[in-house]
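Listed below, chain by chain, are the residues.
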Amino acid sequence: MEGRLISVPKSDRALRFWMVMTCFIIFQRANSEITCRSCRRGHTGLARELLVEFTARETPSGLKGEVFGDEEAAAAGVRSGSGSGSGRLRRASSPLETTRNTDKPHPVDQDGRRDFLNIHQCDGARRRPRRSGDDKVGQSGGRAERRVGQDELKLNSSTFALTGDSSHNQAMVHWSGQNSSVILMLTKLHDFNLNSVTESSLWRSTDYGATYQKLNDKVGAKTILSYLYVSPNNKRKIMLLTDPEVESSLLISSDEGATYQKYRLNFYILSLLFHPEQEDWILAYSHEQKLYSSVEFGRRWQLVHERVAPNRFYWSKMGLDKEPGLIHLETTISEGQAMYVTCKLQNCTDANKVKPFPGYIDPNSLVVQDEYVFVQVSTAGKPVYYVSAKRDVFTPMKLPKYTLPKDLHVISTDENRVVAAVQEWNQNETYNLYVSDTSGVYYTLALENVVSSMGPEGNMMVDLYEVAGIKGMFLANRKAHKQVKTYITYNRGRDWRLLQAPNKDLRGNNIRCILPYCSLHLHLHVSANPYTSGNIASRDSAPGIILASGSFGSELTNRNISVYITSDAGNTWRQIFNEEYAVLYLDQGGALVAIRHTPLPIRHLWLSFDEGRQWSKYSFISIPLFVDGVLGEPGEETLIMTIFGHVSHRSEWQLVKIDFRSIFNRRCTEADYQTWHLHNQGEPCLMGVKRIYRKLKPTSRCVMGKLHSVSMVSGPCDCTEADFECDYGYERRTDGKCSPAFWFHPSVMSRRCAAGMTFLNSTGYRKVVSNNCTAGVIVEYTARRQQCPMQAPKGLHLVTSEGTLTAAVGANVTFLVFLEQGDGARTSITLDFGDGHAVTYSNLSSIEDGIKYIYKTAGIFRVTAVGENSLGSETAILHLHILCQLEYIHLSAPFVAVRNKEVNLTAVLWPGQVGTVTYIWWIENNTEQPIITLEGSVTYTFPQEGISTVTVQVSVGNTILQDRKTIFVHGYCGSCFLAVRLTDTSQDPSLQHMPRPCPMVLVLSTMDSGGDFSSCKQC
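In this text the structure is predicted, and so the values were computed from the model without any measurement.

Reading the values: rules and limits
Residues numbered from 1 in each chain as written. Predicted model: local features only at pLDDT ≥ 70, side-chain atom pairs only at ≥ 80, totals over all residues. Heavy atoms only, no water. Helix = DSSP H or I, 4+ residues; strand = E, 2+ residues; numbered from the N terminus. Buried < 20%, exposed > 50% of the residue type's maximum accessible area, 1.4 Å probe, protein only. Contact = heavy atoms within 4.5 Å. Areas by Shrake-Rupley, 256 points an atom, 1.4 Å probe, with all protein chains shown as cover. Polar contact = N/O pair within 3.5 Å; in protein donor to acceptor, adjacent residues only side chain to side chain. Pairing = 2+ DSSP bridges. Axes fitted to C-alpha atoms, helices over the stretch in contact; angles between N-to-C directions. Salt bridge = Lys/Arg side-chain N within 4 Å of Asp/Glu carboxyl O. Core = buried A, V, L, I, M, F, W, Y, C linked by side-chain atoms within 4.5 Å. Disulfide = S-S within 2.5 Å. pLDDT = per-residue confidence, 0-100. Patch = residues over 30% accessible without salt bridge, like charges linked within 9 Å, V, L, I, M, F, W, Y side chains within 5 Å. Phe/Tyr/Trp six-rings, centres within 6.5 Å; stacked < 30°, edge-to-face > 60°.

**Student:** A description of the overall build of the chain should follow, citing residues and the corresponding values.
**Tutor:** Secondary structure summary: the chain contains two helices and 75 strands in total. Taking all 1019 residues of the chain together, the buried fraction comes to 58%. Long-range contacts, defined as pairs at least 24 residues apart, comprise 58% of the intrachain contacts of the chain with a sequence gap of at least 6. As displayed, the chain offers around 42100 Å² of accessible surface, 50% of which is attributable to carbon and sulfur atoms.

Structure below.
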């Protein structure tokens, strides 16, 4: 299987590691993609929107399913249920999908590309509730705003119906947040037979969703809208795209959607990429593989580049790239060949392009993420992966020597290291996780056989989840002995252990589950979009609190699924629900809200103010509602929530605004907080520090508010062996020590090092990335600085700057020479151009910009580069074809030929020396099987009499010229001579008729070689 380098965009929250095989899923890519379940984007260039899809399709019961979402992040909620039924995070870097239906998420904008929420309200039998009704599961947590009857608590809510939109089956919602009360909603009728939007309505609320105003008249009564975008740097700037089947245009608003201006487009936008800092800078990718740019928020567009690979374009990163307006691109050269180039936003001409990687790369392999750039180059069917750190030169990624990867995917690049998932030759459903050093070059094994599964778009996803709020904490599902178990680490994969199951179940019965034979196992699925709750959730604002669905036993199963919570970062777990519930965070984690996941209509939800220990039932609507989705107020506070649903499958959208502020009677004070010490089974030193957090007391019922921030006090710990992982080339033995692997020789210095300089000689250990321990055994385990030894050159490469093997006579050819290993400063380089000229440089560093040379004649030249120092030499060879422009050809051939006798056919060129030439001959009207030669002359025997046509085509580079001749073929023609004699007319009776005076005439006649005149009359 041919691998592809795919990145996992980093998130400011739960990082759900993602690997490509890109087949680039949404974007109709050719290969599959691996997506880590918690990978999140660092900047979503698009404001968070909710996409609700309602399919008015009757089921036997007439009921519909429900999925819930939170505005802030996929990690904001969790629901209990089977893993097969939950959504999963897609690769964020996918192009917009042109075929849209309820079974596929809508276009994303990666790092600015749309990632919409798909909420399907369809088959009511798709999830069967374990019990009916809204049974109470906890004690009342406090007073409600209003009481209805004797026992029911009622929330402060209001309902608004989107009148006239009962037929619409999709909705996109944007809530600006940032102290704004504006909510925008775009509802659409998507005809799945026509695969297009046939109706749309735009609604706007200015009172947190209590009421909405229809804006169809402001955007054009007949305008059909398809997508809604928001600037990630200025939420007041809104962009609407019309359906391209009707018209190609966009509408722009600078006042949070109050007014709009329409602008025509001459191309069809497939995806958008917003700049991470400049609010008006946008890149747009079209269906013709063209990339456009705008620096006026879409009001004007300029063509940047053609033949750009889908989803392979990136903005520059401040501090790493030279200019803020720089773009990284992968351009398609030919089938199977691509090129990595960078150019300026407004001036991407050939003269201004830079090619950071020398030579071609594999298609769909460019990944630019944080300070790293990755490409893939296949040689003889074997992929080689290259990495560049901090925009430095590219170096092959080095895995342990015994690793035989058939698939490799970049998962994460945060904290100055790379996490890669590798599927080896003997793996089919699992991947091994490897972590790198800061250079991204040298990799060591972190965890074997991590479970992978197929995503909704055919992409592969790996069960790895990074817990928000706790640095270095991950959860992973690993398969061993045909059983899948959940493991946890607190030190970035240095050590892993099983989860201890709860001591008691929901009813208070004791649970007998003894490690390692029995443990708690979790489904590590997040939603397919940022707003639908998945199977696991955590938040930065609530460190230590993790919600997840799963089961306990010998392995992970889809049976007896319950919802579990931990308040102490995974040390102990409690069961809070024994059926499907969507659980979301309120007030920065100070409260939790749960909504039952059921195909039945509901009117209640549950609230907990003590980290899930007790739950109280609240009514949020008087008439039961089929819930389609939930959108929370943006930000960590989240005290206002909108529930989307239908009273029946034929009714209008019902939007229920719930204001939770009224159930809190006061603001939190210092007395409401307590300290919490982070630990791992009693060990307080994690990642080299002791961390003490300030958390809300479970007994406090108050509002923390927007000004609240997570408070943490940390103190350094002495370094121990647990703070170090094995370095590249070393493996951990049964005694816990790191020893050289059988294939690794520590005495071999393979890292880049120049003689006279110093290097860090590994002790077999390296400190875990982001570990802050001090003193202790740090001296014993830290690499020691030594003088660099002289090394023989190894891995010499010679390419042209254009990555081609052809050039024109008189043109500048730039040769690039680089060395994988060896002392470049003390290695001389000799470059023989193959035409009798050569040049020598004293060291490799003096030719970093390349060696320029002009060939004056055409031909094939054997260019040789030799790197040499006192310890050895290395040679690289390149055969370069120098071509001259072919201007004219002439086919030289006889007019008459004799059957079964050879005839010489020659193509004459002008100019005579044009380089490598291919001749294609079509003879005797045979157009199916031409004769192909490298010589300009052929001989041919015509087997039949008649008239034959000979055509020759001459190919030189991209130029093809041809000439054609007609030849008459006879069965026989003797050799005849032309005889000339001077005759006196008075003495030749046959000339007596000649007029007078004409005493002498010239007589011409033919004769054969024997002097017989009569035998040649036929000639």
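**Student:** Mind laying out the side chain of Arg494, listing which residues take part and the relevant values?
**Tutor:** In this fold, Arg494 is placed in the loop between strand S34 (483–489) and strand S35 (497–498). A residue is classified by how much of its surface remains accessible, and Arg494, at 12% relative accessible area, is buried. A distance of 2.5 Å separates polar atoms of two side chains, one belonging to Arg494 and the other to Asp495. If near-sequence neighbours (up to four positions away) are discounted, Arg494 is found in contact with Thr489, Glu721, Ala722, Phe724, Glu725, Arg732 and Val768.

**Student:** Break down the sheet that holds strand S25 (residues 382–389) for me, citing the residues and quoting the values.
**Tutor:** Strand order in the open sheet made by the four strands is S23-S24-S25-S26, with antiparallel pairing throughout. Both edges of this open sheet fall to strand S23 (367–369) and strand S26 (395–396), since each of them pairs with a single strand only.

**Student:** Break down the sheet that holds strand S15 (residues 261–264) for me, citing the residues and quoting the values.
**Tutor:** Pairing is antiparallel in the open sheet, where four strands are placed in the order S12-S13-S14-S15. Both outer strands of the open sheet, strand S12 (225–230) and S15, are each paired with one neighbouring strand and no more. Between one strand axis and the next, the sheet turns through 25 degrees on average, direction left out of account. By the bridge criterion, four bridges tie strand S14 (residues 249–253) to S15 in an arrangement that is antiparallel. Looking at the pairing, Ile252 lines up with Gln261 of S15.

**Student:** An account of the pattern of salt bridges is requested, with residue identities and associated values reported.
**Tutor:** The final tally for this structure, using the stated rule, is 28 salt bridges. One salt bridge connects Lys214 with Asp165, and the closest N-O pair in it is separated by 3.8 Å. In this pair, Lys214 is assigned in strand S11 (residues 213–214) and Asp165 in the loop between strand S7 (156–161) and strand S8 (170–175), connecting sequence segments 49 residues apart. Exposure remark for Lys214: the relative accessible area of 37% places this residue in the partly exposed category. Here Arg666 and Asp672 are joined by a salt bridge, their closest N and O atoms 2.7 Å apart.

**Student:** So what's going on with the nonpolar core? Residues and values would help.
**Tutor:** Formed by 41 residues in total, the largest nonpolar core has its most connected members in Phe357, Ile361, Leu366, Phe374 and Tyr443. Counting only elements with at least two residues in this core, the list comes to strand S22 (337–344), S23, strand S24 (372–379), S25, strand S27 (405–412), strand S28 (419–424) and strand S52 (724–726). Residue contributions to this core peak at five residues, all from S24. Among the nonpolar cores identified, the runner-up in size contains 30 residues, and Tyr229, Val230, Leu250 and Tyr263 belong to it.

**Student:** Explain the environment of Ser294 to me, and be specific about the residues and the numbers.
**Tutor:** As for its placement among the helices and strands, Ser294 is situated in strand S18 (residues 291–294). Residues Ser294 and Gln346 lie 52 residues apart in sequence; the distance between their C-alpha atoms is 8.9 Å. For Ser294, the contacting residues outside a window of four places in its chain are Asp280, Trp281, Ile282, Arg299, Arg300 and Trp301. From its side chain, Ser294 meets the backbone oxygen of Arg300 in a polar contact 2.8 Å long.

**Student:** Could you give an account of the state of the cysteines, with specific residues and numbers?
**Tutor:** Within the structure shown, the criterion is met by six disulfides. For Cys343, the disulfide goes to Cys348, at an S-S distance of 2.0 Å. Taking the torsion about the S-S bond as the criterion, the Cys343 to Cys348 disulfide, at about -85 degrees, is left-handed. Two residues, Cys513 and Cys518, share a disulfide whose sulfurs are 1.8 Å apart. Disulfide Cys513-Cys518: torsion about the S-S bond near -100 degrees, hence left-handed. For the pair Cys513 and Cys518, a shared accessibility class is recorded, and that class is buried.

**Student:** An account of the pairing of strand S41 (residues 581–586) is needed here, citing residue identities and associated values.
**Tutor:** For S41, a buried count of six out of six residues is recorded, marking the element as mostly surrounded by other parts of the structure. Residues of S41 alternate between two faces, with Tyr581, Val583 and Tyr585 on one and Ala582, Leu584 and Leu586 on the opposite face, all of them buried. Between the end of S41 and the start of strand S42 (residues 591–596), which pair antiparallel, lie four residues, with Asp587 showing a positive phi angle near 50 degrees.

**Student:** Explain the confidence of the model for the chain to me, and be specific about the residues and the numbers.
**Tutor:** Averaged over every residue, the pLDDT of the chain is 78; residues scoring 70 or more account for 78%. For the stretch residues 1013–1019, pLDDT sits under 50, and the model shows 14 contacts to residues farther than four places along the chain or on other chains.

**Student:** Pulling in residues and values, what's your account of a nonpolar patch on the surface?
**Tutor:** A cluster of nonpolar side chains, Phe895, Val896, Ile947 and Phe968, forms an exposed patch at the surface whose accessible area comes to about 440 Å². The residue Ile947 is located in strand S72 (residues 946–956) in this model.

**Student:** Before we move on, can you summarise the pairing of strand S47 (residues 654–659) with the specific residues and values?
**Tutor:** The element S47 is largely enclosed, with a buried count of six among its six residues. Covered by surrounding structure in S47 are Gln654, Val656 and Ile658 together with Leu655, Lys657 and Asp659, the residues of both alternating faces.

**Student:** Pulling in residues and values, what's your account of the packing of aromatic side chains?
**Tutor:** Applying the stated rule across the entire model yields 31 aromatic pairs. Judged by centre distance (5.6 Å) and plane angle (65 degrees), the rings of Tyr728 and Trp743 are edge-to-face. Placement of the pair is Tyr728 in the loop between S52 and strand S53 (730–732) and Trp743 in the loop between strand S54 (738–740) and strand S55 (758–761), with a sequence separation of 15 residues. The exposure class of Tyr728 is buried, given its relative accessible area of 9%. Among the residues examined, Trp743 registers a relative accessible area of 14% and is labelled buried. Note on Tyr765 and Tyr781: the rings are 4.3 Å apart at their centroids and 85 degrees apart in plane angle, and the pair reads as edge-to-face.

**Student:** Give a description of unusual backbone geometry that names residues and reports values.
**Tutor:** In this model, Leu515 is joined to Pro516 through a cis peptide bond whose omega is 0 degrees. For the bond running from Trp910 to Pro911, omega is -5 degrees, close enough to zero to count as cis. One non-glycine residue, Gln588, lies in the positive phi region at around 55 degrees. Mapped onto the secondary structure, Gln588 falls in the loop between S41 and S42. The phi dihedral of Glu611 falls on the positive side, at around 60 degrees, and the residue is not glycine. Considering the arrangement of structural elements, one finds Glu611 in the loop between strand S43 (604–608) and strand S44 (616–619).

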